[in-house]
Structure formats: structure tokens, C-alpha cells
Amino acid sequence: MSECIFCKIANGEIKSEILYKDEQVVAFKDISPRAAIHFLIIPVKHIPTVYDLEEEDNELVGHIFQVAKKLADEYNIAESGYRLVVNCKEDGGQEVFHLHFHLLGGEKLGAFC
Ligand code: AMP
Ligand code: ZN
């Protein structure tokens, strides 16, 4: 059995506020939101970091971006805009080693880069 917290969220072992789910992708609310809207979009498949993506995952990554669009529509931030963030490993500030895309919006976000 996996010890990974996001695998446990994906398979329902740990409760979370799920916003979207299909065979490949799950989206849920970040437990510690840093913006008015702060969701996490993850692959069901355990991929530790963005650096671990393989060519065969290209379609999956494209699908994640489509799920982000769908959530942006549902939560009315498609027009106002949003930010997708992926932290990678220590210097990138990654804390959970199961690939996740932060979807942030619902307010004017500070300049980042
Ligand atoms: P990162 O620093 O990019 O690895 O981001 C990990 C994110 O996961 C943080 O924003 C946490 O607030 C969030 N997080 C950790 N545990 C949970 C959980 N059980 N449910 C929802 N979000 C979580
Ligand atoms: Zn995992």
C-alpha cells in the first residue's frame, strides 16, 4: 500500500474536497490555501516530480491543462486569469513528492516571475 498522501487522496483513503475526478486525474482544494482559489491537480499515477515525466506522459500533462481550464470555467476565473505552478524538488519548494499543479486565482496574485 502506498505511503504517499496524494495517492491516498486519489484512491479515497484520505478525505479531501474533491472538485474533479476521472481515470487519470484528480483535482481537490489545497488544505492550506494561499489565494482565494487554490486547487491542486494531480495525476492518479504516482509520478514523484515534474522531472520524472516521460514522453509517454505527454498526453496526461495535456489533459491536466485541460482540467485546469475546466475548473477555471467552473470557478469563474477564466476571464480574470489564474496561475499554474509546479514546484520541483528542494530548491523549487516541493513538499509532497507526487506531481501536482497548483491552480491559483480569484484575486490579483503578486508578481512572481
Ligand atoms: P508543494 O509545496 O508544491 O509540494 O505543495 C504541496 C501542497 O499540498 C501544499 O500547498 C499543501 O498545503 C498541500 N497539501 C498537503 N496535504 C494536503 C491535503 N491532505 N489535502 C490538500 N492539500 C494538501
Ligand atoms: Zn503518490
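Below or above, wherever it landed, is the structure these notes cover. (Residues numbered from 1 in each chain as written. Chains lettered and ligands numbered in written order. Predicted model: local features only at pLDDT ≥ 70, side-chain atom pairs only at ≥ 80, totals over all residues. Heavy atoms only, no water.)

**Quick word on the overall build of the protein chain**
In step 1: Within the protein chain one finds three helices and five strands.
In step 2: When its helices and strands are written in sequence order, the protein chain yields α-β-β-β-α-β-α-β.
In step 3: Seen through its C-alpha atoms, the protein chain measures out along the principal axes to roughly 40 × 30 × 30 Å.
In step 4: In the protein chain, the proportion of contacts linking residues at least 24 apart, taken out of those at least 6 apart, comes to 54%.
In step 5: Counting every atom, the protein chain has about 7,200 Å² of accessible surface; 51% of that belongs to carbon and sulfur. (Helix = DSSP H or I, 4+ residues; strand = E, 2+ residues; numbered from the N terminus. Contact = heavy atoms within 4.5 Å. Areas by Shrake-Rupley, 256 points an atom, 1.4 Å probe, with all protein chains shown as cover.)

**Quick notes on the coordination of the zinc ion (ligand 2)**
In step 1: For the zinc ion (ligand 2), the full set of protein donor atoms is Cys 4 (SG), Cys 7 (SG), His 46 (ND1) and His 98 (ND1), at a range of 2.0 to 2.3 Å.
In step 2: For the zinc ion (ligand 2), the four donor atoms in the first shell make angles of 105 to 118° at the metal, so the coordination geometry reads as tetrahedral.
In step 3: Considered as a linear motif, the donors of the zinc ion (ligand 2) on their single chain read C-x2-C-x38-H-x51-H. Of this pair, Cys 4 sits in the segment before helix 1 (5-10) while His 98 sits in the loop between helix 3 (89-92) and strand 5 (101-105), placing them 94 residues apart in sequence. Side by side, Cys 4 and His 98 carry an identical accessibility label, which is buried. (Donors = N, O, S within 2.8 Å, 3.2 Å for Na, K, Ca; no water. Tetrahedral: all angles 85-135°; square planar, octahedral: opposite > 155°, others 65-115°. Buried < 20%, exposed > 50% of the residue type's maximum accessible area, 1.4 Å probe, protein only.)

**Observations regarding the nonpolar core**
In step 1: One finds Val 25, Ile 41 and Leu 71 to be the most contacted residues of the largest nonpolar core, which totals 19 residues.
In step 2: Going through the elements one at a time, strand 1 (18-21), strand 2 (25-29), strand 3 (37-43), helix 2 (58-74) and strand 5 are the ones with two or more residues in this core.
In step 3: Residue contributions to this core peak at seven residues, all from helix 2.
In step 4: Ignoring sequence-local partners within four residues, the contact set of Val 25 consists of Tyr 20, Ile 41, Ile 42, Pro 43, Val 44, Leu 60, His 63, Ile 64 and Val 67. (Core = buried A, V, L, I, M, F, W, Y, C linked by side-chain atoms within 4.5 Å.)

**Remarks on helix 2**
In step 1: For helix 2, spanning 17 residues, the distance from its first C-alpha to its last is 25 Å, which sits close to the expected 24 Å at 1.5 Å a residue.
In step 2: Within helix 2, burial applies to Leu 60, Val 61, Ile 64, Val 67, Ala 68, Leu 71 and Ala 72. One side of helix 2 carries all its buried residues, which in axial view fall inside an arc of 140°.
In step 3: Buried residues belonging to helix 2 abut strand 1, strand 2, strand 3, strand 4 (82-85) and strand 5. (Expected span 1.5 Å × (residues − 1). Arc of directions from axis to C-beta.)

**Observations regarding the sheet that holds strand 3**
In step 1: The five strands are arranged 1-2-3-5-4 in an open sheet whose pairing can be described as antiparallel. Whereas interior strands pair on both sides, the edge strands pair on one side only; in this sheet they are strand 1 and strand 4. With strand direction ignored, the average angle separating the axes of adjacent strands in the sheet is 20°.
In step 2: As paired strands, strand 1 and strand 2 are joined by three bridges and run antiparallel to one another. From the neighbouring strand, Ile 18 faces strand 2, where its bridge partner is Phe 28.
In step 3: The strands touched by helix 2 are strand 1, strand 2, strand 3, strand 4 and strand 5; relative to strand 3, the strand with the most contacts, the crossing angle is about 155°. (Pairing = 2+ DSSP bridges. Axes fitted to C-alpha atoms, helices over the stretch in contact; angles between N-to-C directions.)

So, to be careful, I would describe these as geometric facts and stop short of saying anything about function.
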